[in-house]
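As a plain string of letters, each chain reads:
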Amino acid sequence: MGRTYLVEEGIGQYLTELSTKVKPYVTGLLIGQCSPQRDYVIRAVRTPPKEQQQEESLGPPKLASLDEEWITTHASQVSRMLPGGLLVLGVFMIATPELAKDGQNALRKLIFSVEKSLSKRRLWKPAEEEVSDRAALQICSATKKVVCRTYDVQDPKSSAKPADWKYQNALTASWVALGCTVNVNIHIPLLATSPNHDLEKNTKNGLNRWSKQIEDSVFLINGQVKDEDTELLEGQKKFRGNTQPSTQISDVKVLTQLCQGASPRSTATVQVCSGSINLRGAVKCRAYIHSNKPKVKEAIQALKRDIINTLSDRCEILFEDLILNEGPQKKSFGREYHVLPQRLFVPVAGSSVMLSDYKFGDEAAGEIQERFVEMLDQPVQAEDMHIAEDISTVDICPVADSPSDTEQAQLTKATLLLKLQQNMGLVVAAAVAVLASIFSFNYFSD
């Protein structure tokens, strides 16, 4: 038995409309949520067309001309706009009958490329029991025949497995939302020994350490610590047959541990630093979970990943913006303050799930609207964009020049003196102990 995909009914109409415009093929992403029993597809998003595709389309149509890099870049951009619990579940292709025979091979290649691109950006690792199947949906533009298969992205040699593709009305009308505010105050040192001060790389290393702290945190759902294997909605009334969007929001508090690591003992490391990066602010996080007997473990995992993803994504966006405006060779000569982009949420028609994006202070609403149309093929009204939080900042302290030979020699000398002073204490203590033993020996001999 293959996996079952429950699909929002509106996606069928969306794919049908795309099939009437296909020339000679169109690709896109499937967005949804995995669960142990079944998967849920809540959106399908076509790949935005490139300007030069007009010229390329003059020749005979070939799937070999698929721009793999363009599709994986689109997947990376879309993944930033997804709240916790949602991910890129797979890819689809609508093609003419002439190209149908090569469709599955092209889809298989795309699935592994997209997954590889997305996994590089993650600061968390998938759990062993997590679903690793991704969907490859192929539709014939002439006959409208739908073929859905899955591939295990953890196995490079994985072969296609059949899957069921079932439409369902109001699929996400009553999904559960979890929300929390996380106060961030992360100090990331810049080592003087680094040959060049790569701010982005250092920031990612610092976020990696912080993400482990989030993974080990305690989560209170509506003020209670719940067993991970219990049902999230245990004791709550479920309204069957409800097709109107109704969001059940659970308030979550995140308690981070003061001491990192399992061992209470730790060793201090002294490192010479020439600067530091400080991330400060309060970030709003949100995750959505299906309403079919979800476990507490699934909900907490979805929210943890949103906390980690949202801060990592903002830093990526900030550094991309700095490279565009200041150039990749720009070096810091003085203290700098940067404002991280703010998170905003946008409702989806007929659904309780909201999508998100990030906005710099000087960005106009029109730019956000254009991005939603380009990336998610979804028009958005300005009044529907809800900015969720206050400003968060990045403080980059001055990066001094690397120490000269004289300074390095002085530093080495000071370190040696410090060690000598520490060792002198041991020598004196040892001498006293020896004298005491000699004295006691002579005393008892007399």
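Residues numbered from 1 in each chain as written. Predicted model: local features only at pLDDT ≥ 70, side-chain atom pairs only at ≥ 80, totals over all residues. Heavy atoms only, no water.

Structural notes on the overall build of the protein
Secondary structure summary: the protein contains 8 helices and 17 strands in total. In the protein, which comprises 446 residues, the share counted as buried stands at 45%. At a minimum sequence separation of 6, the contacts of the protein that also span at least 24 residues come to 80%. Carbon and sulfur atoms form 53% of the exposed surface of the protein, whose accessible area is close to 25,100 Å². (Helix = DSSP H or I, 4+ residues; strand = E, 2+ residues; numbered from the N terminus. Buried < 20%, exposed > 50% of the residue type's maximum accessible area, 1.4 Å probe, protein only. Contact = heavy atoms within 4.5 Å. Areas by Shrake-Rupley, 256 points an atom, 1.4 Å probe, with all protein chains shown as cover.)

Some points on the packing of helix H3 (residues 68-80) against helix H7 (residues 365-376)
Close contact between H3 and H7 brings their axes to 10 Å; oriented N to C, the two are set at 130°. Accordingly, the angle class assigned to the pair H3 and H7 is oblique. Classified by chirality, the crossing of H7 by H3 is left-handed. Of the residues in H7, those touching H3 at His74, Gln77 and Val78 are Glu374, Met375 and Leu376. Looking at the contact of H3 with H7 residue by residue, the classes come out as 3 nonpolar, 2 polar and 1 charged. (Axes fitted to C-alpha atoms, helices over the stretch in contact; angles between N-to-C directions. Parallel < 35°, antiparallel > 145°, perpendicular 65-115°, else oblique. Left-handed = near helix turned anticlockwise from the far one by under 90°. Nonpolar A, V, L, I, M, F, W, Y, C, P; charged D, E, K, R; others polar.)

Describing H7
With 12 residues, H7 extends 16 Å between its outermost C-alpha atoms, agreeing within 8% with the 16 Å of an ideal straight helix rising 1.5 Å per residue. Within the span of H7, buried status applies to Ile368, Phe372, Met375 and Leu376. On an axial view of H7, the arc spanned by its buried residues comes to 90°, and they lie on one face. Next to the buried residues of H7 lie strand E2 (25-34), strand E3 (39-46), H3, strand E14 (342-347) and strand E15 (354-359). Backbone geometry just after H7 places aspartate 377 at a positive phi near 55°. (Expected span 1.5 Å × (residues − 1). Arc of directions from axis to C-beta.)

Points about unusual backbone geometry
Here lysine 144, not a glycine, exhibits a phi torsion of approximately 65°, which is positive. Structurally, the position occupied by lysine 144 is in the loop between strand E5 (133-140) and strand E6 (146-152). For lysine 144, a relative accessible area of 38% gives the class partly exposed. Here asparagine 222, not a glycine, exhibits a phi torsion of approximately 50°, which is positive. The exposure class assigned to asparagine 222 is partly exposed, which follows from its relative accessible area of 43%.

Looking at the packing of aromatic side chains
Enumeration over the complete set of coordinates arrives at 3 aromatic pairs. Aromatic side chains tyrosine 5 and tryptophan 165 sit 6.4 Å apart centroid to centroid with 40° between the ring planes, which places their arrangement in the tilted category. In this pair, tyrosine 5 is assigned in strand E1 (residues 4-8) and tryptophan 165 in strand E8 (residues 164-168), connecting sequence segments 160 residues apart. In this structure tyrosine 5 comes out as buried when scored by relative accessible area, which is 0%. The class for tryptophan 165 is buried, based on a relative accessible area of 15%. Summarising the aromatic geometry, the rings of tryptophan 165 and tyrosine 167 are spaced 6.3 Å apart at their centres and angled 90° between planes, so their arrangement reads as edge-to-face. Taking the relative accessible area as the measure of exposure, tyrosine 167 reaches 38% and is therefore partly exposed. The structure contains a cluster of three or more aromatic residues connected by ring pairs, namely Tyr5, Trp165 and Tyr167. (Phe/Tyr/Trp six-rings, centres within 6.5 Å; stacked < 30°, edge-to-face > 60°.)

Here we look at a negative patch on the surface
On the surface, a cluster of negative charge is made up of Asp362, Glu367, Glu370 and Glu374. Tracing the backbone shows glutamate 374 in helix H7. Given the relative accessible area of 39%, glutamate 374 is considered partly exposed. (Patch = residues over 30% accessible without salt bridge, like charges linked within 9 Å, V, L, I, M, F, W, Y side chains within 5 Å. Salt bridge = Lys/Arg side-chain N within 4 Å of Asp/Glu carboxyl O. Lys, Arg positive; Asp, Glu negative; His and termini not counted. Charge placed at Lys NZ, Arg CZ, Asp CG, Glu CD.)

What to know about helix H6 (residues 296-326)
Taking 1.5 Å as the rise per residue, H6 with 31 residues should run 45 Å; its terminal C-alpha atoms sit 45 Å apart, in good agreement. Within H6, 22 of the 31 residues are buried, which leaves the element mostly enclosed by the surrounding structure.

Things to note about the sheet that holds strand E16 (residues 386-387)
The 3 strands lie next to each other as E15-E14-E16, forming an open sheet whose pairing is antiparallel. Each end of this open sheet is capped by a strand with a single partner; those strands are E15 and E16. Along the sheet, H7 makes contact with E14 and E15, crossing E15 at roughly 125°. (Pairing = 2+ DSSP bridges.)

Some thoughts on the sheet that holds E1
Read across the sheet, 8 strands follow the order E7-E6-E5-E4-E2-E3-E1-E8 without closing on themselves; strand pairing throughout is mixed. The open sheet has two edge strands, strand E7 (161-162) and E8, and neither has a second partner. Two strands pair when backbone bridges link them, and strand E4 (residues 87-95) and E5 are joined in this way by 6 bridges, in the parallel orientation. Across the sheet, residue isoleucine 94 finds its bridge partner in E5, namely isoleucine 139. Running at roughly 30° to E3, helix H1 (residues 9-21) makes contact with E1, E3, E4, E5 and E8 of the sheet. Contacts from H3 reach E2, E3 and E4, with the element oriented near 35° to E2.

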